[in-house]
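# Tertiary structure, described
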Amino acid sequence: MSLLVCVTRKDNTKLLDTLNAQLPDVDIYEWPHCPDLAQVEFVLAWNAPDELWTQLPNLKVVQSYGAGVDGIAMHFLPEHVTVTRIVDSQLTKDMAQYVLTHVLAHKLRLKQYFVQQQQGVWKPKRAHQGNHVGIMGLGELGQAVANQLVDNGFKVSGWSASEKNIANVATYASQEQLELFLHKLDYLVCLLPLTKHTKGILDKSVFSLLPNHCVLINVARGQHLVEEDLIWALDNNELAAASLDVFTQEPLDSDHPFWLHPNITITPHCAALTSVTTACEQIAKNYLSLLNSDKLTNTVDRTKGY
Ligand code: NDP
Ligand code: OXD
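Residues numbered from 1 in each chain as written. Chains lettered and ligands numbered in written order. Predicted model: local features only at pLDDT ≥ 70, side-chain atom pairs only at ≥ 80, totals over all residues. Heavy atoms only, no water.

Here we come to the overall build of the protein. For the protein, the helix and strand inventory stands at eight helices and twelve strands. Overall, the protein is about 65 × 45 × 35 Å in size when its C-alpha atoms are taken along their principal axes. Taken over 306 residues, the protein has a buried fraction of 49%. For the protein, the share of sequence-separated contacts (at least 6 apart) that also reach a separation of at least 24 residues comes to 58%. In the protein, 23 side chains carry a positive charge and 32 a negative one; their mean positions are 10 Å apart. (Helix = DSSP H or I, 4+ residues; strand = E, 2+ residues; numbered from the N terminus. Buried < 20%, exposed > 50% of the residue type's maximum accessible area, 1.4 Å probe, protein only. Contact = heavy atoms within 4.5 Å. Lys, Arg positive; Asp, Glu negative; His and termini not counted. Charge placed at Lys NZ, Arg CZ, Asp CG, Glu CD.)

This brings us to the sheet that holds strand S2 (residues 27-30). Each strand in a sheet pairs with its neighbour through backbone hydrogen bonds, running either in the same direction (parallel) or in the opposite one (antiparallel). On the basis of which strands lie adjacent, the open sheet formed by five strands has the order S2-S1-S3-S4-S5 and parallel pairing. Where the open sheet ends on each side, the last strands, each with one partner, are S2 and strand S5 (82-84). In this sheet, neighbouring strand axes are inclined to one another by 20 degrees on average, regardless of whether the strands run parallel or antiparallel. Alignment of strand S3 (residues 40-46) against strand S4 (residues 61-64), held across four bridges, turns out to be parallel. Paired with Val43 across the strands is Val62, a residue of S4. The sheet strands contacting helix H1 (residues 13-22) are strand S1 (2-7), S2 and S3, and the helix crosses S1 at an angle near 160 degrees. (Pairing = 2+ DSSP bridges. Axes fitted to C-alpha atoms, helices over the stretch in contact; angles between N-to-C directions.)

A few words now on the domain arrangement of the protein. Domain assignment breaks the protein into domain 1 (2-88 + 276-291) and domain 2 (130-266). Inter-centroid distance (C-alpha atoms) of domain 1 to domain 2 is 31 Å. On the domain 2 side, the residues contacting the six residues of domain 1 number four residues. In this assembly, domain 1 packs against domain 2 so that about 420 Å² is buried in total across both faces, 49% of it on carbon and sulfur atoms. In this structure, the connection of domain 1 to domain 2 is made through one salt bridge. Among the ionic pairs, Asp70 bridges to Arg221, the shortest N-O distance being 2.9 Å. For the pair domain 1 and domain 2, the number of links is one residue pair in polar contact (both at pLDDT 80 or more). Within the side of domain 1 that touches domain 2, the residues separate by chemical class into two nonpolar, one polar and three charged. (Domains from an automatic or database assignment. Buried area = accessible area lost by both parts, 1.4 Å probe. Salt bridge = Lys/Arg side-chain N within 4 Å of Asp/Glu carboxyl O. Polar contact = N/O pair within 3.5 Å; in protein donor to acceptor, adjacent residues only side chain to side chain. Nonpolar A, V, L, I, M, F, W, Y, C, P; charged D, E, K, R; others polar.)

Take a look at the structure:
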């Protein structure tokens, strides 16, 4: 049995060194350099190409090299294949701090003062008063973000597929309660997984239900957002601003209109980065669990797709 690493668009030197150190007796290969794909039972994947999944007759486990599993084309995988993902307390803390920072940056008008500084303009204004943050997705990350915001004095609402009960958070569930969830928000944070139900969810219809001073923070996936609808909403005063960490195409094209839009803040998919060290501990543990026929950790519900 061997372990195949198919992590694309990243430098995998440290990942492979750490994995080899954690699993010294295991044959670890990096796609596409694998002498016998029939020996592969465990794949570590990130943005793996579709053609990989049809070449692995003995595949048993696909481990995502991140919290999201949308880069694994699950419809190619036989039903018995288990999919797992990274759940890491540091990643969760990083996400909570990223969202708090972007809410506060807007509230305190930091972008505006940055522009004023470049122009030598002295023009103080009171901070934005809106205090109500709505979070789409109340999973590992959404709940941590909710708690961080509550701890910092914000009024927090959350929306998820199933009902939740979270202290000091007003919760809404399912499509029926989406409008109710949206209509009084000052900030909308997207922390949904990317599935066929959530693709394109951040569109004109959602923006038109939000107050027009609302700020969008998308830290989930670029494909949640209909990009032209965001530009339309910002240019027509349907939304005040957006902080975007994720994009349909990454890296973002150098001529993309988001770069120069005065009301968009861009970060390069760095809100919460996978730590090689903690990820490798989880990967090694899951690999050994497969070897010993033990239960794997952080498995995904394949019927739900997250
Ligand atoms: P989880 O799977 O733990 O949580 C997902 C949440 O979304 C759940 O509360 C779920 O509801 C809810 N949800 C799913 N589908 C729907 C739907 N159709 N309608 C309403 N709610 C829905 O995910 P995580 O919190 O761990 O991560 C969320 C996403 O964040 C990842 O999938 C990834 O894309 C992104 N991410 C981004 C990073 C970055 O650096 N920018 C870093 C890490 C992750 P329920 O609880 O009822 O099932
Ligand atoms: C993840 C990410 O899903 O970094 O872990 O986006």
